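Structural description and commentary
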Amino acid sequence: MAFAVATPVFEGPFDLLLHLILREQVDIYEVSLSRIVDAYLAEIERLQVIDLDVATEFLLIAATLVELKARRLLPGRDDVDLDDELALWEERDLLLARLLECKTFKDVAGVFSRLADDADRSYPRTAGADQRYEDLTPDLLEGITATRIRAAYVRAITPKPVQRIDLFHVAPVRASVADAVAELLDELPRVGRISFRRLTNGLVERLDVIVRFLAVLELFKQGVIELDQDELFGEIDVRWTGGLEPVAAGSIPIDDYEG
Amino acid sequence: MSNMQFDAETVRAIEAILMVAVEPVAPDLLAQLLEQPTAVIDRLCIELAAAYDEAGHGFQLVKVAGGYRNQSHADLAPYVERFLLDGQRARMSAAALETLAIVAYKQPLSRAQIASIRGVDPDGVLRTLQARGYITEVARDPGPGQAILYGTTGSFLEKLGLNSLADLPPIAEFVPGADVVEALEHGLRIDAPAPDAPA
Amino acid sequence: MSNMQFDAETVRAIEAILMVAVEPVAPDLLAQLLEQPTAVIDRLCIELAAAYDEAGHGFQLVKVAGGYRNQSHADLAPYVERFLLDGQRARMSAAALETLAIVAYKQPLSRAQIASIRGVDPDGVLRTLQARGYITEVARDPGPGQAILYGTTGSFLEKLGLNSLADLPPIAEFVPGADVVEALEHGLRIDAPAPDAPA
């Protein structure tokens, strides 16, 4: 089941998702959302391990994917009402549309690259007028002030910034999920039942919410909680079913999303 | 070249002007300077370009970015690059090319619109493309915030060797085929999980 | 042109190089680039010049200042002058302005020192600035190699309306550019550019 991912540099979350889905294209019926989601999460972790710039957008798409996958885990799928079903398809179609748009421009970029390579083989004449016409060529310093010379100098000596998204606040998902699981194992047996919204009430960072969500999914997988959602995008109801005995965090195997 | 007697002087003048020009010269400007209809200028330039090709010269007359210019012939690039020590041009990164593709076909558009298509913050790439002169601020969004709207430049057309944006291949040619759509749909399908699918 | 079969490629390469050259190209340099004896280059250039004349082109191949150059034909000067007066935008490129500014503030300094500040070879730009009389060779580096050291001219000061270099506006300790400030405000980390920074 493990996906061995080669190490191209992905330009963005759509780029990565496209790659993961399309390399399976050889056998279309082997492609499954579960495999894609797992591979995507694994890839995000790998990106962080080798310290590439990981934009939060990667995690937002991860959240969408996990949500799509979670829908399939939730009980009561047989009696989903039609509106919910449609909304779900809408959400998926939106992601699909963005992937198709991304793929379109990736292909255009390939054509641009070839056009530029061809054009680069010809060099334009830029010699300008020779000395015979020196008197006719306008003075290039006309309208240029000493202040502009100063500005040009400052521009020339200023190191050109290369932007990197600072990741110091983005903890690796693996550690955070384990921590979040431990927190939930402490909290849920005491409260018994709580909405996901309340569980994440104090969290400011979207990433923390995502990590909480992943932790909830882990506990669901382990069968110590039940999840319920009355309507799409409605409150997710989290219910502790693990009994009254305290559960040690270490006793829950944490899926580290390596496929 | 036809009408040699009448056109010879105009053709020679075009050749002389292109020799001192530092960027593509618009046919309208040539028409005005040489007191000829633009259509005549265009016809003469096309004939001149063909004559250069036929004579097998090491240079070409081409129309790029809306104007005529002289350039070295593509097949002599190895010699020219040896001569111009810094002749090897820097290739654009995949990110730069993709962003340029989006701007080219969707202009004018804002940074946020580019970000939503690429899924990543295009700030650094936009700055690079702007510094290289391939894109520029062409307008402001009339809505709140007055976002800067970007468009491509003449240098972009020159970089790709195109005369105008109309020469870009139609975007419809790049819409992914049925196989890709099908693969993506399968990758994102949300019907019931297979019995052995991991939770 | 004689020996057409053998020389065609060399002739075409000469044409391509002269088309992109900004300054006259010495026959020795052409000989070296094209791996031919200088005598062959000279013969081919003389033949090429004669062929251009015979074909009645609006440009000429001439030998000036010890090198070969393509230029507009002398008898078309009236058209070229009209073009230069009407069609030419007076515009200092950003690269030229930055180079001029570096020379102004750091003089005397060598080509290599300018290159290390700007990150690109300033050769062409220096020649232009020198031809315009804005900068000049003011000294030689006493060290090995005796590099030419550049400084600004009296004409530069005059055009900016300054009495002396001391009147140039002072540079504050270090003023970060607007883009740097903006990046900092966005909470982004600024790194010195990597040599292979993506476009």
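Details of the structure are given in the entry above.
Residues numbered from 1 in each chain as written. Chains lettered and ligands numbered in written order. Predicted model: local features only at pLDDT ≥ 70, side-chain atom pairs only at ≥ 80, totals over all residues. Heavy atoms only, no water.

**Brief notes about the packing of aromatic side chains**
To keep it simple, the criterion reads: To pair, rings of Phe, Tyr and Trp, with the six-membered ring standing in for Trp, must have centres within 6.5 Å; the planes then decide the type, stacked if under 30 degrees apart, edge-to-face if over 60, and tilted in the middle. Secondary structure elements follow DSSP: runs of H or I no shorter than four residues count as helices, runs of E no shorter than two count as strands, and numbering proceeds from the N terminus. Per-residue accessibility, obtained with a 1.4 Å probe over protein chains only, is compared with the maximum for each type, and a residue is labelled buried under 20%, exposed over 50%, and partly exposed between these values.
The full count for this structure, using the stated rule, is seven aromatic pairs over all chains. On the numbers, 5.7 Å between centres and 85° between planes, the contact of Phe59 of chain B with Phe59 of chain C is edge-to-face. Of this pair, Phe59 of chain B sits in strand β1 (residues 59-64) while Phe59 of chain C is found in strand β1 (residues 59-64), placing the two residues in two different chains. Both residues of the pair, Phe59 of chain B and Phe59 of chain C, count as buried.

**Brief notes about the interface of chain A and chain B**
To be explicit about the condition: Pairs of residues are marked as contacts when any of their non-hydrogen atoms sit within 4.5 Å. Once two parts are brought into contact, the accessible area they lose, counted with a 1.4 Å probe and summed over both, makes up the buried area. A carboxyl oxygen of Asp or Glu within 4 Å of a side-chain nitrogen of Lys or Arg is what we treat as a salt bridge. Polar contact is defined as a pair of N or O atoms within 3.5 Å, subject to the rule that within protein one atom must be able to donate a hydrogen and the other to accept it, and that residues adjacent in sequence are counted only when both atoms are side-chain atoms. Residues were grouped as follows: Ala, Val, Leu, Ile, Met, Phe, Trp, Tyr, Cys and Pro as nonpolar; Asp, Glu, Lys and Arg as charged; and all remaining residues, including Gly, as polar.
Across the boundary between the two partners, chain A contributes 59 residues, which contact 71 residues of chain B. Both sides together, the interface formed by chain A and chain B hides about 5900 Å², and carbon and sulfur atoms give 64% of it. Summed over the three residues of chain A that lose the most area to chain B, namely Phe105, Phe112 and Tyr123 of chain A, the buried surface amounts to 14% of that side. Summed over the shared surface of chain A and chain B, the result is three salt bridges. Linking Lys159 of chain B and Asp120 of chain A is a salt bridge whose minimum nitrogen-to-oxygen distance equals 3.1 Å. Here chain A and chain B share eleven residue pairs in polar contact (both at pLDDT 80 or more) between them. Mapped by element, the contributors of at least two residues to the side of chain A that touches chain B are α1 (13-22), α2 (33-49), α3 (56-73) and α4 (82-119) of chain A. Ranked by residues supplied to the side of chain A that touches chain B, first place goes to α4 of chain A with 24 residues. Here the side of chain A that touches chain B is composed, by residue class, of 32 nonpolar, ten polar and 17 charged.

**Overview of the interface of chain B and chain C**
At the interface, 39 residues of chain B touch 38 residues of chain C. Summing the contributions of chain B and of chain C, the shared interface buries around 3500 Å²; its carbon and sulfur component is 64%. Seen at the junction of chain B and chain C, the total is three salt bridges. Here Arg82 of chain C and Glu35 of chain B are joined by a salt bridge, their closest N and O atoms 3.9 Å apart. In this structure, the connection of chain B to chain C is made through 14 residue pairs in polar contact (both at pLDDT 80 or more). Where the side of chain B that touches chain C is concerned, the elements lending two or more residues are α1 (4-20), α2 (27-34), β2 (67-72), α4 (77-83) and α7 (123-131) of chain B.

**Focus: the packing of helix α5 (residues 94-106) of chain C against helix α7 (residues 123-131) of chain C**
All names here are of chain C. How we decide: Fitted lines through C-alpha atoms serve as axes, helices being fitted only where they are in contact, and the angles separating the N-to-C directions of these axes extend from 0 to 180 degrees. Oblique is the label for every angle not falling under 35 degrees (roughly parallel), over 145 degrees (roughly antiparallel), or within 65 to 115 degrees (roughly perpendicular).
Orientation of α5 relative to α7, taken along the N-to-C sense of each, is 75°, at an axis distance of 10 Å. Relative to α7, α5 is oriented roughly perpendicular. Contacts between α5 and α7 involve Ala95, Ala96, Thr99 and Leu100 on the former and, on the latter, Val125, Leu126 and Leu129. Its residues assigned to classes, the contact of α5 with α7 shows six nonpolar, one polar and no charged.

**Points about the environment of Ile171 of chain B**
Mapped onto the secondary structure, Ile171 of chain B falls in the loop between α8 (154-160) and α9 (178-187). For Ile171 of chain B, a relative accessible area of 31% gives the class partly exposed. Counting along the chain gives 70 residues from Ile171 of chain B to Ala101 of chain B, while the straight-line C-alpha distance between them is 10.0 Å. Excluding residues that lie within four positions of it along the chain, Ile171 of chain B makes contacts with Thr104, Phe105 and Val108 of chain A together with Tyr105 of chain B.

**Things to note about the packing of helix α5 (residues 94-106) of chain B against helix α6 (residues 111-118) of chain B**
All names here are of chain B. For the record, the criterion: A clockwise turn of the near helix away from the far one marks a right-handed crossing, whereas an anticlockwise turn of less than a right angle marks a left-handed crossing.
Taken N-terminus to C-terminus, the directions of α5 and α6 make an angle of 120°; their axes are 11 Å apart at the nearest point. What the angle tells us is that α5 and α6 run oblique. Of the two elements, α5 crosses α6, and the hand of that crossing is right-handed. Where α5 approaches α6, its residues Ala95, Glu98, Thr99, Ile102, Val103 and Lys106 are matched on the opposing element by Ile114, Ile117 and Arg118. Classifying every residue of the contact of α5 with α6 gives five nonpolar, one polar and three charged.

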